[in-house]
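# Residue-level structural notes
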Amino acid sequence: MLEELLEDLNPSQREAVSAPIGPVLVLAGAGSGKTRVLTRRVAWLLAAGERPSSILAITFTNKAAGEMAERVRSLVGPNADGLWVSTFHAACARMLRLHPELGGLRSGWSIYDQDDARRLLERTIRRLDLDTKRFPPRAIAQQVSLAKARLVDPERFTDEAEGLYERQVAMVYRSYQAALAEANAADFDDLIGLVVEGLATRPELAEHWRRRFRHVLIDEYQDANPAQHAFVAELVGRSGSVFAVGDVDQSIYAFRGADPSGVLTFEERFDGAKVVTLEQNYRSTNAILGLANAVIAKNRRRYAKHLFSELGEGTPARRYQATDERDEARWVAATVREFLQRGGVDPSEIAVIFRTNAQSRPLEEAFSEAGIPFRVVGGVRFYERREVRDLLAYLRVLANPDDDVALARILNVPRRGIGRGTEEALQAAAALRGRSMLSLLRAEGVEVLGLTSRQERALRGFVELIDRLGALASLHRPSELIDAVVAETSYLEHLNEEDPITLEGRLENIAELRASAAEADDLESFLERAALVSAVDEVMGASGVTLLTAHAAKGLEFDVVVVVGLEEGVFPHVRAIVDAEAVEEERRLFYVAMTRARTTLVLTSARRRASWGEPLYNPPSRFLDELPADLVATTAAPVAVGTACAESIQRASAVVEARAARSEWVVGDRVFHARYGEGTIRRVVPRGVDDELVIAFHGAGERRFFASMVKLRRA
DNA sequence: TGTCTCGGCATTTTT
DNA sequence: TGCCGAGACA
Ligand SMILES: Nc1ncnc2c1ncn2[C@@H]1O[C@H](COP(=O)(O)OP(=O)(O)OP(=O)(O)O)[C@@H](O)[C@H]1O
């Protein structure tokens, strides 16, 4: 059995899979079989007699988790029950579901996704009498999230704060955390953070989980953040059974706090760590590897490694320069059709990869026109549609009466005469007494709010509605509960009144929600899944060409990969261009995109691209210049005279703007950046016609920008 | 309280 | 471009 598991592996892969139990790190490039090795290691542990329930395998998405669990089962048979294969977030959520006290939560606790967290932050900022212009909830949410990724709690955040602005942000963070606790809720980052804290401070619970998970395995290790590293360390200690696989060149989540250096410090953090490298790529032709390697070699911060393939030389990448994004989309559709018809390629073996979700629309249109089946991964998530969120909010309030964000959402949906005034009075009274809105209403009645009798009647009616539904909650299955909510609130009538045209689609969504609820055993597990399912996990449509972002493409592989929108400002993204480190992350992202291809790589760009109204004339991506010329075959749409003119004008004006940017800032200026908040200009370095600005932000540290590109306000 | 219009602003990327 | 929040009015 053990030998069998090693049969179709190369010697290094075997060495990793059968390494003695203890810390193991597999460090290897794209397509070298890291995921395969990790899956095999799980099977190997099981075959060696380890209990399934003693194994925790971490993947990057829920979908990858499902596939890995499936794969393990096919390797070892049914005795894989009790094995946990999930994302960090899902694993921690499950632990907290079993032991809410581990995170200081009460049973029924809610998971706050980005939207919930943003709403709660906005309310917190308002309650502190701060201006939401100076403290944009989105930006603050980012800062809080980055802090939590580093396990920086409000106290430490306050200690590290410099100046009034940062102290105010710290205050917001502290109140936000208090509001979460009051609402019996945890945001995404808390799922990890609370578990880490619980394991560190509750020895009896920690003991339970350490005994339970003797083996922890982590895929895509380069994208784990410090909190997640701490979680692993809490479970396995310095010399336990930890098996991590990763590739620093595929680190594409530093923007949300991932710490790829965790890969490089593995040997310091774990005693007796064994490090295995894999060098053979089993996915791509040498042409594709040559292209990918040439691009990634341009990164300065990098740890070079060898990678070879025995899959033949292959064909060069095809490159097309389009007039605009519609021309690009049509050309892609035509090319894809050729692969399907003449090349005999299966549509599910073709992917079109873009940088941002917004780029998918022209492609969807062109594919529809051409009659090519396709599916879009991601985009607007199912669980983010309004009607779905409304109904989920009802269920959340039933599971967790203290969930004020959910309550605020449904208080007057459908309309029931509870207006702004009533809501504000209720929120203020609840905040004053330090309790949730519903518990206040239940404990003290609506009278304490000092409202008109009409307002009181409306509120009373709402509480009665929730109580009626609550009585059903414990007796009925989640899907039946959805029916009850829809019926009791006349929700369908509400949707029809709102917009009869979209009604049909919304009804379909409700039916789908009901169907997915029918699969869940109980309300809590249903709500948990709804909160944690990501866009990438959603399987839409049976088969067809896959349209997806480069981030969503990580870990996947296709025969044919088309990367579109290879222009400065698109890929690399404008927001990244000003920051040298961010450009390196963009380059890694492009590396990830290219290395998804087995045999065929197609690269396109557009000379003109509409970007909310205005046309933009972006030069081709710098990444295209980094490709070896002999591995690229180029065709281009004819250049229209008007386009060329506009392009040169655009370039000239960019230079003029760059000159103008030179004198604007001096060292010591306090500035405000939409993403990083307030900072101080530390240095101004002349770079050609432009200046480079070094700005120190709290929470985000020092960042470098080009003066002509970065958008700053005086603080 | 509810509805309408205007203006500002935003889109990276995602668990 | 389209969404959301703020403010004016019925
Ligand atoms: N020893 C092997 N023999 C044959 N095929 C292999 C071998 N090892 C891996 N492969 C195949 O190579 C491909 C890439 O493997 P896998 O996805 O595990 O690589 P990876 O290192 O995780 O890739 P990436 O990091 O780029 O996502 C898969 O199709 C896998 O089946």
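Values in this document were obtained by computation on a predicted structure and should not be read as measured data.

Reading the values: the criteria
Residues numbered from 1 in each chain as written. Chains lettered and ligands numbered in written order. Predicted model: local features only at pLDDT ≥ 70, side-chain atom pairs only at ≥ 80, totals over all residues. Heavy atoms only, no water. Near = heavy atom within 4 Å. Polar contact = N/O pair within 3.5 Å; in protein donor to acceptor, adjacent residues only side chain to side chain. Areas by Shrake-Rupley, 256 points an atom, 1.4 Å probe, with all protein chains shown as cover. Helix = DSSP H or I, 4+ residues; strand = E, 2+ residues; numbered from the N terminus. Nonpolar A, V, L, I, M, F, W, Y, C, P; charged D, E, K, R; others polar. Domains from an automatic or database assignment. Axes fitted to C-alpha atoms, helices over the stretch in contact; angles between N-to-C directions. Parallel < 35°, antiparallel > 145°, perpendicular 65-115°, else oblique. Left-handed = near helix turned anticlockwise from the far one by under 90°. Contact = heavy atoms within 4.5 Å. UniProt positions renumbered as here; feature names shortened; annotations may be inferred. Buried < 20%, exposed > 50% of the residue type's maximum accessible area, 1.4 Å probe, protein only. Pairing = 2+ DSSP bridges.

Looking at the ligand, there are 18 residues lining it, with Gln 13, Lys 34, Thr 35, Glu 557 and Arg 596 nearest. The contact in question runs from an oxygen atom of the ligand to an N or O atom on the side chain of Arg 596, over 2.9 Å. Relative to its unbound accessible surface of 640 Å², the ligand loses 82% to contact with the protein. Per-element tally for the shell around the ligand: the top contributor is helix 3 (residues 34-47), with three residues. A class-by-class count of the residues in the shell around the ligand yields three nonpolar, nine polar and six charged. Here the shell around the ligand spans two domains, since at least three of its residues come from each of domain 1 (3-100 + 192-278) and domain 3 (291-380 + 540-634).

Right, let's get into the packing of helix 18 (residues 386-399) against helix 25 (residues 503-518). Relative placement of two packed helices is described by the angle separating their axes and the distance separating the axes. Packing of helix 18 against helix 25 brings their axes to within 9 Å, and their N-to-C directions diverge by 45°. Here helix 18 lies oblique to helix 25, going by the angle between them. Between helix 18 and helix 25 the crossing geometry is right-handed. Facing Arg 386, Glu 387, Val 388, Leu 391 and Leu 392 of helix 18, the residues of helix 25 in contact are Arg 506, Asn 509, Ile 510 and Leu 513. Split by residue class, the contact of helix 18 with helix 25 holds five nonpolar, one polar and three charged.

The sites that UniProt annotates as "binding site: ATP" (unreviewed entry) are Ala 28, Gly 29, Ala 30, Gly 31, Ser 32, Gly 33, Lys 34 and Thr 35. Considering the arrangement of structural elements, one finds Gly 29 in the loop between strand 1 (24-28) and helix 3. Sequence-distant contacts of Gly 29, defined by excluding residues within four places in its chain, comprise Lys 34, Asp 247, Gln 250, Leu 278, Lys 305 and Leu 307. Here Ser 32 is to be found in the loop between strand 1 and helix 3. On the basis of relative accessible area, Ser 32 is assigned to the buried category, the value being 0%. Setting aside residues no more than four positions away along its own chain, Ser 32 makes contact with Gln 13, Leu 278, Gln 280, Asn 281, Tyr 282 and Leu 307.

The next thing to look at is helix 21 (residues 437-444). Taken as a whole, helix 21 has its buried residues at Met 437, Leu 438, Ser 439, Leu 440 and Leu 441. Once helix 21 ends, the next one or two residues include Gly 445, with phi positive near 80°.

Within strand 1, four of the five residues are buried, which leaves the element mostly enclosed by the surrounding structure. Of the strand pairs in this sheet, strand 1 and strand 8 (residues 274-278) are connected by five bridges, and their pairing is parallel. Considered in strand 8, the bridge of Val 26 is made with Val 276. Two elements, strand 1 and strand 7 (residues 241-246), share four bridges in a ladder whose sense is parallel. Looking at the pairing, Leu 25 lines up with Ala 244 of strand 7.

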